[in-house]
Amino acid sequence: MSVLLIAEHDNSKLKPFTFNAITAASKIDSDVHVLVAGTSCENVSKEAANIPIVKKVLVCDSPNYQNYLPENLSPLVIKVSEKYDHIVASANTFGKNFMPRVAAALDVSQVSDIIKVNGPDTFVRPIYAGNAFATVKSNDKKRCITIRPTSFDAAEKSGGSAPIEKVEAVDIPNTSKFIKREETKSERPELGTARIVVSGGRGLESGENFKLINDIADKLNAAVGASRAAVDAGYISNDHQVGQTGKVVVPDLYIAVGISGAIQHLAGMKESKIIVAINKDGEAPIFSVADYGLEADLFTALPELLSELNKLNTIQK
Amino acid sequence: MKILVAVKRVIDYNVQIRVKEDGSGVHTDNVKMSTNPPDDNAVEETVKLKESGKVKEIVAISIGEDKAQESIRKALAVGADKGIHVKADSYIEPLGIAKILKKIVEKEKPDMVFLGKQAIDDDCNQTGQMLGSMLNWPQATFSSKLNIKEKSLEVVREIDEGLETLEINLPAIVTCDLRLNEPRFASLPNIMKAKKKPMELLNAKDMGVDLKNRIEQLKVEEPPKRKAGIKVTSVAELVSKLKNEAKVI
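Keep in mind the model is a prediction, meaning the values are calculated, not measured. (Residues numbered from 1 in each chain as written. Chains lettered and ligands numbered in written order. Predicted model: local features only at pLDDT ≥ 70, side-chain atom pairs only at ≥ 80, totals over all residues.)

In this section: the overall build of chain A. What chain A contains, in helices and strands, is eight helices and 16 strands. Its C-alpha radius of gyration of 21 Å places chain A within 12% of the 20 Å reference for a compact globule of 317 residues. With the principal axes as the frame, chain A shows a C-alpha extent of 60 × 40 × 40 Å. Counting over 317 residues, chain A shows a buried share of 59%. The long-range fraction of contacts in chain A, counting pairs at least 24 apart against all pairs at least 6 apart in sequence, stands at 65%. (Helix = DSSP H or I, 4+ residues; strand = E, 2+ residues; numbered from the N terminus. Rg over C-alpha atoms; globule rule 2.2 N^0.38 Å. Buried ≥ 20, exposed ≤ 12 C-beta atoms within 10 Å, placed from the backbone. Contact = placed C-beta atoms within 7 Å.)

Below, the structure written as structure tokens:
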């Protein structure tokens, strides 16, 4: 009875959500093994071995896995999974991409996006954009599971010394080729893990006006989010989208500006600890989930907010 | 080229769902249903490809109860050529759906299968990838831009970090993101014409695949409700509340 976690990383370090997924894995079974598949990813395997709750690290260092193409990664995971009862990964665009391929090859019905572990076979997962929670029991012998990272705390990063074992690469089908990745570079905290998120919607009216959001975000050391409407309208790039099919965020403070609060947007942020809504439409559904609602024109409210924040002696980081 | 496009009929995205008191699921009686939104994007993209001359035939498939035919008819009304309805009266997990689709692919021999990236009811995000695995085909999930070449497909995908470009060999699986295109509405004459387009009727239990669900749904419940909040009257009051009451800044 061991659980195999597939690490998400960029060949130099683990992605933050891997630590959350490791916590979830440890709730399924305490014997957590981590598979690091990549190219020149020795540092990543060392980083994983340092995590106290990790019992063993398997590393497969091969050009086959440089860009995590699911066609290449899945055969390796399938082979390594022989010795495991549970195969888990984060429910983000990394885990969502390859895990169903693994599950189908093993003839396993995957349990997607779990938010709670009730036991080795029983989990809670949101359905209908988080408007209902389903408790489900997997009756497969082997289980493929993806984990909603924001529902679990990040694992302790140092103090462990798990053994690192090498794994041979597996033949790849050569049916897909990586061309490029355009990552949005930002000095701000990552949206998925930021303590504060300031999000803008269609109410911003243009991409230029997102400067008002950015200014508040910089003042609060926050990440910038957006509604689907704002992304669709081209105001901001897709990696900022919060919602059912975008990112799910659970910050201490979520400030929604000019966002009406469509069901699919609420799905991505309504578990936030404190929610602030700024909207000129007092009937907007966003107010129904807001702890503090301010009915105001954002174009006057945001500059005023910035000046009020500037008056504060200290701001938590 | 020939494309198979899969559509699912789900509770309409604008409906506020209600959980049944006995915990067995959500209310679906007299609830507005429609095609899963990203499936509309999948259909639209196939129609655009046909209009560009790159694709000859579009086959739209849906698996589900009789009313799933509404989603197929909608696809036919915007440009699909033929429909396949695989009748299934109860819920089938993505694993079973992928097995049925594999059977259809083996018979129809399309060059590509298009699907929405995720259904907004069970939010599984599995079917396309599972089908790719079963067929040993490459996949492009979360696609937001496509360029079909002779024997391959160049795809831009929306990933957490931004955008990724891949080139995958045909035949291939494409799962569609909402920004791939703007789905069109069917005109009344086309809706009428769609009624005459062929629709093949099959039954899930005659497909010769194991459809037994592996996941038992023990209970469906409402998520914990948020406590009602307050309205503040000024920005200064908001900042003071955040600082002194919520203590988050």
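To continue, consider the interface of chain B and chain A. The interface is formed by 64 residues belonging to chain B together with 73 residues belonging to chain A. Per-element accounting of the side of chain B that touches chain A gives the leading share, eight residues, to strand β9 (residues 162-169) of chain B. In terms of residue class, the side of chain B that touches chain A is built from 30 nonpolar, 15 polar and 19 charged. Judged from the three bridges that link them, strand β16 (residues 292-295) of chain A and strand β13 (residues 230-232) of chain B form a sheet pairing that is parallel. Paired with Gly293(A) across the bridge in β13(B) is Lys231(B). (Nonpolar A, V, L, I, M, F, W, Y, C, P; charged D, E, K, R; others polar. Pairing = 2+ DSSP bridges.)

Another point: the sheet that holds strand β9 (residues 143-147) of chain A. Residues and elements named next belong to chain A. The seven strands are arranged β5-β9-β4-β1-β2-β3-β10 in an open sheet whose pairing can be described as parallel. Each edge of the open sheet carries a strand with a single partner, namely β5 (111-114) and β10 (164-166). Pairwise comparison of adjacent strand axes, ignoring direction, gives a mean angle of 25 degrees for this sheet. Where strand β2 (residues 32-38) meets strand β3 (residues 54-61), seven bridges bridge the pair, whose relative direction is parallel. Across the sheet, residue Ala37 finds its bridge partner in β3, namely Cys60. Of the strands in this sheet, β1 (3-6), β2, β3, β4 (86-90) and β9 are in contact with helix α1 (residues 16-28), which crosses β4 at around 150 degrees. Along the sheet, helix α2 (residues 42-49) contacts β2, β3 and β10; its crossing angle with β3, the most-contacted strand, is approximately 170 degrees. (Axes fitted to C-alpha atoms, helices over the stretch in contact; angles between N-to-C directions.)

Note: interface size is frequently given as the accessible area lost on complex formation between the parts. All names here are of chain A. Domains assigned within chain A are domain 1 (3-166) and domain 2 (196-311). On a C-alpha basis, the centres of domain 1 and domain 2 stand 31 Å from each other. Of the residues lining the interface, five residues belong to domain 1; the matching set on domain 2 comes to eight residues. (Domains from an automatic or database assignment.)

Residue and element names in this part refer to chain B. Relative to the assigned elements, Val86 resides in strand β5 (residues 82-87). Exposure remark for Val86: the 23 C-beta atoms within 10 Å place this residue in the buried category. Considered as a pair, Val86 and Met1 are 85 residues apart in the sequence and their alpha carbons are 23 Å apart. Here Val86 is in contact with Ile61, Ile63, Ile100, Leu202, Asn203 and Ala204, once residues within four sequence places are set aside.

Running from amino to carboxyl end, helix α8 (residues 298-311) of chain A crosses helix α6 (residues 235-245) of chain B at an angle of 45 degrees, the nearest separation of the two axes being 9 Å. With respect to their mutual orientation, α8(A) and α6(B) come out oblique. The two elements α8(A) and α6(B) cross, and the hand of that crossing is right-handed. Of the residues in α6(B), those in contact with Ala301(A), Glu304(A), Leu305(A), Glu308(A) and Leu309(A) of α8(A) are Val235(B), Ala236(B) and Val239(B). Within the contact of α8(A) with α6(B), the residues separate by chemical class into six nonpolar, no polar and two charged. (Parallel < 35°, antiparallel > 145°, perpendicular 65-115°, else oblique. Left-handed = near helix turned anticlockwise from the far one by under 90°.)

Residue and element names in this part refer to chain A. Those residues of α2 that sit buried are Val44, Ser45, Glu47 and Ala48. Around the axis of α2, the buried residues are gathered within 160 degrees of arc, so they sit on the same side. Those residues of α2 hidden inside the fold are in contact with β2, β3 and β10. (Arc of directions from axis to C-beta.)

Counting 181 residues, the largest nonpolar core has Leu5(A), Val198(A), Val5(B) and Ala60(B) as the members making the most contacts within it. Structurally, this core is a two-domain feature, drawing no fewer than three residues from each of domain 1 (3-166) and domain 2 (196-311) of chain A. Discounting residues that sit within four places of it in the chain, Val198(A) has contacts with Ile213(A), Ile216(A), Ala217(A), Leu220(A), Ala222(A), Val224(A), Ile255(A) and Val257(A). (Core = buried A, V, L, I, M, F, W, Y, C linked by C-beta atoms within 7 Å.)

Here we come to the packing of helix α5 (residues 210-220) of chain A against α8(A). All names here are of chain A. The contact between α5 and α8 brings their axes to 10 Å, and the two run at 15 degrees. The orientation of α5 relative to α8 falls into the category roughly parallel. Along this stretch, α5 crosses α8, giving a crossing that reads as left-handed. Listed contacts from α8 to Leu212, Asp215, Ile216 and Lys219 of α5 are Leu302, Leu305, Leu306 and Leu309. Partitioning the contact of α5 with α8 into residue classes produces six nonpolar, no polar and two charged.

This next bit is on helix α4 (residues 95-105) of chain A. Burial of α4(A) is extensive: ten of the eleven residues sit out of reach of the surface. Of all the positions in α4(A), only Gly95(A), Lys96(A), Asn97(A), Phe98(A), Met99(A), Pro100(A), Arg101(A), Val102(A), Ala103(A) and Ala104(A) are classed as buried. Next to the buried residues of α4(A) lie α3 (70-80), β4 and β9 of chain A together with α3 (94-108), α4 (127-135) and β7 (139-148) of chain B. Note on α4(A): the residue one or two positions beyond its end, Asp107(A), has a positive phi of about 55 degrees.

Once that is clear, we can look at the sheet that holds strand β6 (residues 116-117) of chain A. Overall, antiparallel pairing links the four strands, which are arranged β6(A)-β7(A)-β8(A)-β12(B) in an open sheet. Looking at strand neighbours, the two that pair on one side only are β6 of chain A together with β12 (215-221) of chain B, the edges of this open sheet. Summarising the sheet, strand β7 (residues 122-127) of chain A and strand β8 (residues 132-138) of chain A pair through six bridges and their orientation is antiparallel. By the bridge assignment, Ile127(A) is partnered in β8(A) with Ala132(A).

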